[in-house]
Every structure is written in C-alpha cells, then in structure tokens.
Amino acid sequence: MAEPNVLVERNGRVGVVLMNRPKQLNALSAELMESVVSSLGELDADPGIRAIVLGGSERAFAAGADIAELSAATPVTLYENRRLERWESIRAVRTPIVAAVSGFCLGGGCELAMLCDLIVASEDAKFGQPEINLGVLPGAGGTQRLTRAVGKAIAMDMILTGRMLSAREALAHGLVARVVAREAWLDEAKRAAAEIAEKGPVAVRLAKEAIDQAFETPLAAGVELERRSFFLARASDDAEEGLKAFLEKRKPDFTGR
C-alpha cells in the first residue's frame, strides 16, 4: 500500500499535519496540496482542536512546486483547474496555524509557509522564491506576502536573483517568528501551538483576524475592527472566565464560548 501524502495526528488540542513526499522533498503536487487543504479544513472544523501545526520533514518543509506537473501544464489548464485559488482557502482556516520549517522552504513551499500564521524554523532552514531560475515568477502570493513580510528591498533581491535566506536572516527580516535548534524544529512548533491552544479560542480567532486585516485596511479601519472585536470577545463566556480566574489567582478553563 502506498504511503499517504500527508500524516495527520491529534495531540490533545493541537492538530498536526505533516507533508509526506520525502523522496520529492515534499514538492507540492496537486494531490499533495489537495490533501493539505482538506486536512487543515477537517481540523478547523473539529471543535476540540484549537491550534494546528503544518510541517514537512527534517530535510524539507517543501522544496517548491512539482516541476513535472508545472512543465506539463498550459496557461489554460492552470486557469481552469483553479489550483492556486484553492491554496487561498487556507486563509479561511480560523484555527491558528504554526508552520514547522526545517531544511528547504522554497518557491511554493515558502508561499505555503507564509499562508500560515507564524513560522517556527530550524536553524538550518532555507527560505527562497527561486522561480525566476525557471523563467517564471511566484504565482501563489509570493511577490505580495514576501514583500509585506521582509520589505521591498529584500523581496526584490530574493525574487529577482533567486537568493535564499538563512533561518537567522529570515528571523532578522521578520519572515519567521522563532529559530530553534535543528533537532527541535517540530517539538518547538508543537509547543508554540500548545501555548496558543491554552488561550481562549474566541479571543485567539478574533485576534488572528484583526492582525490579518492590518495588511488589508487603512489604520483607522483596522483600529475600528479591533475595537469591535474586543467588544465581541468581552461578551464571551471565555472573557468572564478569564477575568474571574485572574482575580481568583487560578488557571482559566476556557470553553470557546
């Protein structure tokens, strides 16, 4: 029997999705991406899951697109199969997603990591958008999200020359949130997800939405959204429990209501 192209597990309130095409360094075939999107959607729909980890292997988070598939595609088939649009459904996942990155995180892999809410990187991780070497350019948000993450100058350098960033460079430029020892890449991502999963789910999801909107709206509109989100969070049972627990000097028991 063939190995599944994604491995899914549930560790308490944390769901884990690991891409599993090791020989291809997790090259993002259409089948693999469908499995990733489907698995994330299923975990998002599970009320018992409050944070998700998305990772690959120690050698590669994902080394890019499946070049054989891309070579066989035509502009019309790329347009008709709506594959890139389906990637965007990951942004609709309300549960926070932590990308666990080790090894190569290139091309579509880098774009996939940037679709997550924060990136935990191994010290040997390499980030890049090398599509220019193939005569094309990023097509799943790379020119937009990378520029927002690292700024115009670094994005231009990476995308126009194919330069890769080390994990430390990625941290310095704001692309990743944490850099950890090589052997701790997955454990630290799970630990970060577990920290998120302990918080009130209502406030976490509202905060995630508000932060995402910081890149989409003018400041005044973003602050108004934040204010309304704060009022909504305050109306939740979780807020009542959190405030009461603080005053009683105990750990809160959040229910997500």
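Above this note sits the structure.
Structural notes, computed from the coordinates. (Residues numbered from 1 in each chain as written. Predicted model: local features only at pLDDT ≥ 70, side-chain atom pairs only at ≥ 80, totals over all residues. Heavy atoms only, no water.)

## What about the sheet that holds strand S3 (residues 51–55)?
The strand order S1-S2-S3-S5-S7-S10 describes an open sheet built from six strands, whose pairing is mixed. Each having just a single partner strand, strand S1 (6–11) and strand S10 (178–180) make up the two edges of the open sheet. Strand-to-strand twist across the sheet, computed as the mean angle between neighbouring axes with direction ignored, equals 20°. Note that S3 and strand S5 (residues 97–101) share four bridges and pair parallel. Residue pairing across strands places Leu54 opposite Ala99, the latter belonging to S5. Against the sheet, helix H1 (residues 30–44) touches S1, strand S2 (14–19), S3 and S5, its axis set at about 15° to S1. (Pairing = 2+ DSSP bridges. Helix = DSSP H or I, 4+ residues; strand = E, 2+ residues; numbered from the N terminus. Axes fitted to C-alpha atoms, helices over the stretch in contact; angles between N-to-C directions. Contact = heavy atoms within 4.5 Å.)

## Observations concerning unusual backbone geometry
Positive phi, close to 50°, is recorded for Leu25, a residue that is not glycine. Secondary-structure assignment places Leu25 in the loop between S2 and H1. For Leu25, a relative accessible area of 19% puts it in the buried group. Here Lys249, not a glycine, exhibits a phi torsion of approximately 55°, which is positive. Here Lys249 shows up in the segment after helix H12 (237–247). In this structure Lys249 comes out as exposed when scored by relative accessible area, which is 76%. (Buried < 20%, exposed > 50% of the residue type's maximum accessible area, 1.4 Å probe, protein only.)

## What about the packing of helix H5 (residues 108–115) against helix H6 (residues 142–150)?
Relative orientation and spacing of two packed helices are given, respectively, by the angle between their axes and the distance between those axes. Axis separation between H5 and H6 bottoms out at 10 Å; the angle between their running directions is 60°. If you check the angle between H5 and H6, you find them oblique. For the pair H5 and H6, the crossing hand works out as left-handed. Counted together, Glu111, Met114 and Leu115 of H5 and Gly142, Arg145 and Leu146 of H6 form the full contact between these two elements. A class-by-class count of the residues in the contact of H5 with H6 yields three nonpolar, one polar and two charged. (Parallel < 35°, antiparallel > 145°, perpendicular 65-115°, else oblique. Left-handed = near helix turned anticlockwise from the far one by under 90°. Nonpolar A, V, L, I, M, F, W, Y, C, P; charged D, E, K, R; others polar.)

## What about the environment of Arg59?
Of note, Arg59 is situated in the loop between S3 and strand S4 (60–62). Given a relative accessible area of 57%, Arg59 falls into the exposed group. Here the alpha-carbon distance between Arg59 and Ser29, two residues 30 residues apart in the chain, equals 18 Å.

## As for the sheet that holds S4
If you trace the four strands from one edge of the open sheet to the other, you get S4-S6-S8-S9, paired in mixed fashion. Each of the sheet's edge strands pairs with one partner strand only, and the pair in question is S4 and strand S9 (164–166). Averaged over neighbouring strand pairs, the angle between their axes works out to 20° when direction is ignored. Pairing between strand S6 (residues 104–106) and strand S8 (residues 126–128): three bridges, direction parallel. The residue bridging Leu106 from the neighbouring strand is Gly128, located in S8. Strands in contact with H5 are S4, S6 and S8; relative to S6, the strand with the most contacts, it is inclined by about 90°.

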